[in-house]
Structures are given as structure tokens and as C-alpha cells.
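Residues per chain, in single letters:
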Amino acid sequence: QVQLVESGGGLVQAGGSLRLSCAASGRAISTYPMAWFRQAPGKEREFVAAINWSGRNTYYADSVKGRFTISRDNAKNTMYLQMNSLKAEDTADYYCAADPEYSINLYRPDEYDHWGQGTQVTVSS
């Protein structure tokens, strides 16, 4: 069974940066597509970014394109989300997700079998 643990959230001023990490344990996830989602209070969980198993292909929501960068280090069983130029509207709980199937729809949260517990990101304006 795969366990995912996010870290790196916190409070930051608008315009600042944070780097989130998602560490996997229990099984190597080097062949798994992975993603970041976020959920703000009172809103549905939304797609942020995804990355294929090799890290060669990345995908972003329009709202974060050019500001966020997703990456992974399969040797460390870890995925990252570098968040720059943060805005108040980026405030949310951020979740990492992974799935053993390479052909899933990366944008849909219901496609992922494994989830972390979330890390909170608060951006003050």
C-alpha cells in the first residue's frame, strides 16, 4: 500500500514562494503518474498540476501556469511543487495524489487511488 505525506505548507505573503513536497512510502512510485490538487474552504477540490512517471511531461491548471513548477525525484520517491508569485487566491489545502495506472485522466481527482492528508497554504494579501 502506498502512503503519501505532504509537507512544506505555511503562511506566506502575496508574491512569496513555497515549496511543497510529497514523500511516498510503502511502495516505489517511480512508474506512477502523480499530481497536486487543492481545495479551498467551501469549494471543490481542483486540479493544480500533474507529472508523468518519468517527469518528462507536466501539466498545469491555467491559474498556476508560469508560477508553479511540478517535479519529481524517483530515486527519493518524492514529488515537489515549487510555488512562486503566490496570490491570495492560492490559499487552500494542497493534496498530492498518485495512481498505478499510467493512462488515467490526470485532471480528475476521482481517477487517483492514493492521497496524502494535505498541507495548508495560506497567502496573505
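Above this text sits the structure in question.
Residues numbered from 1 in each chain as written. Predicted model: local features only at pLDDT ≥ 70, side-chain atom pairs only at ≥ 80, totals over all residues. Heavy atoms only, no water.

This structure, assessed with the given rule, holds six aromatic pairs. Both rings, one in F47 and one in Y107, keep their centres 4.5 Å apart while their planes meet at 50°; by these two values the pair is tilted. Here the residue F47 occupies a position in strand β5 (residues 46-51), and Y107 occupies one in the loop between β9 (92-98) and β10 (114-115), the gap between them amounting to 60 residues. When the ring of Y59 is compared with that of Y107, the centres are 6.3 Å apart and the planes differ by 75°; the resulting orientation is edge-to-face. Of this pair, Y59 sits in strand β6 (residues 58-60) while Y107 sits in the loop between β9 and β10, placing them 48 residues apart in sequence. Aromatic ring contacts, followed pair by pair, group F37, F47, Y59, Y107, Y112 and W115 into a single cluster. Over the aromatic face of Y80 sits the side chain of R19, whose NZ or CZ is 4.0 Å from the ring centroid. When the ring centre of W115 is taken as origin, the NZ or CZ atom of R45, which lies over that ring, is 4.7 Å away. (Phe/Tyr/Trp six-rings, centres within 6.5 Å; stacked < 30°, edge-to-face > 60°. Helix = DSSP H or I, 4+ residues; strand = E, 2+ residues; numbered from the N terminus. Lys NZ or Arg CZ within 6 Å of the ring centre and 35° of its normal.)

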